[in-house]
Each structure stands twice: as C-alpha cells, then as structure tokens.
Amino acid sequence: MEKDLSNLDIKNVLIVGDVHGNLAWWHKILDATEITTTDIILQVGDFGYWPHREWGQKYLAGVEKLLAERNLSCVFVDGNHDNHEWLFQLPKRADGFVEVSPHVIYAPRTHRWTWNNVRFMSLGGASSIDRGNRSMGASWWPQELLSSGDYYKAVDGEEIDVLVCHDTPSKVKLDFKADDMPTVSNRMLLQAVVEATHPKLVVHGHYHSLIQQKIALTNGGFSKVVGLSRDKFPDAVFALKLPSLKMKNVEIDLGIGTGKDVVPEESGAIEIMRDLLD
C-alpha cells in the first residue's frame with residue numbers, strides 16, 4: 001500500500017543537489033551521519049531518470065534498493081537532464097505524487113503538499129546550454145523548460161513556504177555568464193512564480209555550485225535562495241529542519257568511489273559537465 005506523502009508530520013528533510021545518475025554518490029549520501037535522523041529526502045533535479053537506457057534502469061533499481069534498506073523515500077523534481085517524455089507520462093497517485101519506484105517519487109511541476117505545516121511546491125525544469133550536442137528524445141527533451149501553463153498553474157493558489165526547483169529565479173546574481181535566451185526566459189518565468197507565491201525559501205540545483213542569497217520581492221518581502229552543488233563536490237547536501245526552515249550543510253565523503261557505481265560507456269551523456277557554463 002502506497003504511503004500518502006502529501007501531509008506528513010516530519011522534522012528532518014535531507015536536500016540533495018544534482019546526482020546525474022551516480023549510484024556511488026547515493027552510497028555516500030546514505031552513509032552520512034545525518035541519515036540516521038532523516039525522515040525523507042528531497043532531490044532538486046537531474047536525479048538521473050533515464051529509463052530508456054539499460055544503465056538508467058540499473059541505476060534506478062540500485063537507488064530503490066538503497067532507500068528500501070533504510071526505509072526512506074526520495075522525492076525529486078525534474079531537472080534539465082531527466083527524461084521528461086517518459087516522466088510526464090507516468091500516472092499520478094492519489095496524493096498527487098508520481099511513483100517511479102516504491103521509494104523513488106517524482107513531484108510533478110506545480111504540485112503542492114504540506115510537511116509539518118510547511119507548504120511546499122515543486123517546479124522543476126531548466127535550460128540545457130549544450131542542447132546542440134545532444135539528440136532530441138535520446139539525451140535532450142524540449143519539455144525541460146517551464147511553460148506558460150506551468151506558470152499559470154503555479155500561481156493559481158495560496159502562498160507557499162518552500163519552492164523546490166531546478167533553476168534559480170532571475171533576481172539571483174550568478175558568478176558566471178548565463179545569458180542564452182532559453183535560460184533567461186526560464187529564470188524570468190520562475191521569478192514571476194516567486195513574486196506571486198512569496199516563498200520564504202527557494203531550493204534548487206542546476207548550476208553545480210553553492211548559491212546563498214536573499215532576494216527582494218515586489219511585495220516588500222524577501223525569499224532566501226539556496227542553490228546546491230552536484231555529485232562528487234562539496235555543498236551538495238543540506239539538512240532542512242521543519243518547521244523552522246533552518247538549513248545545515250552536510251559533509252559527504254569526497255574520497256575515491258566505493259566501486260558500486262553504474263558507469264556506462266555513455267555516462268558523459270548524463271554526467272554533463274563539471275563546470276556547467278564552460
């Protein structure tokens with residue numbers, strides 16, 4: 001029987017940055033000290049959902065096994081390097097989430113839920129700057145970008161406390177150039193959602209580096225934005241305390257891999273680049 005995740009009385013959420021289909025990284029995350037007090041895992045996109053490839057199926061089975069052994073669930077939003085075509089066709093459960101496997105759960109765009117009286121909304125997606133080197137339907141999907149429909153659904157409701165996304169709002173200042181039109185338009189659409197829903201906290205991934213900023217909203221308020229790093233790098237995992245929304249960086253062993261990786265010949269297709277905007 002599936003567990004209803006829409007209204008849980010939990011206190012400890014582990015926030016995980018881009019994973020890129022790296023099973024060995026999951027071993028390291030789940031070996032962290034903080035995992036003993038973790039109630040649920042929330043992953044901010046580029047989880048590595050590639051079921052159209054055999055290695056992607058093995059990766060998903062490996063993550064499911066690790067989570068099941070610890071009786072933990074991982075809820076993830078879509079990044080720009082997840083198979084949106086397959087993901088968007090999966091049926092929603094009664095609680096509004098999508099079950100990819102018993103312990104791996106997708107939070108569809110604009111889905112809302114409550115944990116410990118904290119109101120969450122998911123809004124995955126971002127632009128792939130390397131789409132020209134990819135094959136549509138095999139390693140790149142046009143559904144990666146937010147749509148106007150996503151925007152209208154996102155703003156049609158009450159204010160939220162936490163926005164879980166892959167991209168970052170346009171008011172966030174980046175330390176590198178990111179001015180291609182799809183990136184700019186996606187970030188502006190995300191900013192418009194933030195202005196309408198007034199989240200206290202925005203958590204995201206995508207840029208493979210730690211981002212911590214407070215952005216001013218047009219209503220006079222502020223949103224704290226925390227962008228997480230990626231697999232094999234520091235600042236990729238944070239502990240979130242509910243309902244206070246206090247966040248703490250979780251140290252992960254960055255030593256040589258455990259040898260439990262799924263490392264296909266085509267791993268570069270999902271590992272992408274260490275420096276996203278080189």
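Scope of this entry: the structure provided in the associated data block. (Residues numbered from 1 in each chain as written. Predicted model: local features only at pLDDT ≥ 70, side-chain atom pairs only at ≥ 80, totals over all residues. Heavy atoms only, no water.)

Focus on the pattern of salt bridges
Here is step 1: A full pass over the atoms with the stated rule returns 14 salt bridges.
Here is step 2: For Lys200, the salt bridge identified is with Asp161, shortest N-O distance 2.6 Å. Here the residue Lys200 occupies a position in the loop between α5 (181-197) and β10 (201-204), and Asp161 occupies one in the loop between α4 (148-155) and β9 (162-165), the gap between them amounting to 39 residues.
Here is step 3: Given a relative accessible area of 6%, Asp161 falls into the buried group.
Here is step 4: Across the pair Glu195 and Lys171 runs a salt bridge, and its minimum N-O distance is 3.0 Å. Remark: Lys171 occurs in the loop between β9 and α5 and Glu195 occurs in helix α5; sequence separation between them is 24 residues.
Here is step 5: Linked through salt bridges whose partners overlap, the residues forming this network are Asp31, Lys65, Glu69 and Arg70. (Salt bridge = Lys/Arg side-chain N within 4 Å of Asp/Glu carboxyl O. Helix = DSSP H or I, 4+ residues; strand = E, 2+ residues; numbered from the N terminus. Buried < 20%, exposed > 50% of the residue type's maximum accessible area, 1.4 Å probe, protein only.)

Comments concerning the packing of helix α1 (residues 23-30) against helix α2 (residues 54-70)
Here is step 1: Taken N-terminus to C-terminus, the directions of α1 and α2 make an angle of 10°; their axes are 10 Å apart at the nearest point. Judged on the interaxial angle alone, α2 and α1 are roughly parallel. As α1 runs across α2, the sense of the crossing is right-handed. Contacts between α1 and α2 involve Leu23, Trp26, His27 and Leu30 on the former and, on the latter, Tyr59, Gly62, Val63, Leu66, Leu67 and Arg70.
Here is step 2: Grouping the amino acids of the contact of α1 with α2 by side-chain chemistry returns seven nonpolar, two polar and one charged. (Axes fitted to C-alpha atoms, helices over the stretch in contact; angles between N-to-C directions. Parallel < 35°, antiparallel > 145°, perpendicular 65-115°, else oblique. Left-handed = near helix turned anticlockwise from the far one by under 90°. Contact = heavy atoms within 4.5 Å. Nonpolar A, V, L, I, M, F, W, Y, C, P; charged D, E, K, R; others polar.)

Comments concerning the sheet that holds strand β12 (residues 222-227)
Here is step 1: Read from one edge of the open sheet, seven strands run β1-β7-β8-β9-β10-β12-β11, paired in mixed fashion. The outermost strands of the open sheet, each flanked by one partner alone, are β1 (7-8) and β11 (211-216).
Here is step 2: Here β11 runs beside β12; their pairing, made up of six bridges, is antiparallel. The partner of Lys214 across the bridge, within β12, is Lys224.
Here is step 3: Helix-sheet contacts for α5 involve β7 (112-115), β8 (118-123), β9, β10, β11 and β12, and the interaxial angle to β8 is about 160°. (Pairing = 2+ DSSP bridges.)

Thoughts on the pairing of strand β5 (residues 98-101)
Here is step 1: Two strands pair when backbone bridges link them, and β5 and strand β6 (residues 104-106) are joined in this way by three bridges, in the antiparallel orientation. Following the sheet pairing, Glu99 is matched in β6 by Ile105.
Here is step 2: Counted along the chain from β5 to the antiparallel partner β6, the turn is two residues long.

Observations regarding the side chain of Asp167
Here is step 1: Here Asp167 lies in the loop between β9 and α5.
Here is step 2: Arg187 provides the closest opposite charge to the buried, unpaired Asp167, separated from it by 4.6 Å.
Here is step 3: Engagement of the side chain of Asp167 in a polar contact is seen with the side chain of Asn186, the distance being 2.9 Å.
Here is step 4: A distance of 2.6 Å separates polar atoms of two side chains, one belonging to Asp167 and the other to Tyr207.
Here is step 5: With residues near it in sequence (within four places) discarded, Asp167 still touches Gly125, Ala126, Thr183, Asn186, Arg187, Leu190, His204, His206 and Tyr207. (Lys, Arg positive; Asp, Glu negative; His and termini not counted. Polar contact = N/O pair within 3.5 Å; in protein donor to acceptor, adjacent residues only side chain to side chain.)

Concerning the state of the cysteines
Here is step 1: Counted by the stated rule, this structure contains zero disulfides.
Here is step 2: This cysteine, Cys74, is not joined by any disulfide, and Cys165 carries the nearest cysteine sulfur, 16 Å off. (Disulfide = S-S within 2.5 Å.)

Here's the deal with the packing of aromatic side chains
Here is step 1: If you walk through the whole model with that rule in mind, you get twelve aromatic pairs.
Here is step 2: Joined through ring pairs, the aromatic side chains of Trp26, Phe47, Tyr59, Phe76 and Tyr106 make up one cluster.
Here is step 3: Lying over the aromatic face of Phe222, Lys214 brings its terminal NZ or CZ to 5.8 Å of the ring centre. (Phe/Tyr/Trp six-rings, centres within 6.5 Å; stacked < 30°, edge-to-face > 60°. Lys NZ or Arg CZ within 6 Å of the ring centre and 35° of its normal.)

Description of the environment of Asn117
Here is step 1: Checked against the element boundaries, Asn117 lands in the loop between β7 and β8.
Here is step 2: Classification of Asn117 by relative accessible area gives exposed; the value is 69%.
Here is step 3: On a C-alpha basis, the gap between Asn117 and Ile10 in space is 9.4 Å, while along the polypeptide they are 107 residues apart.

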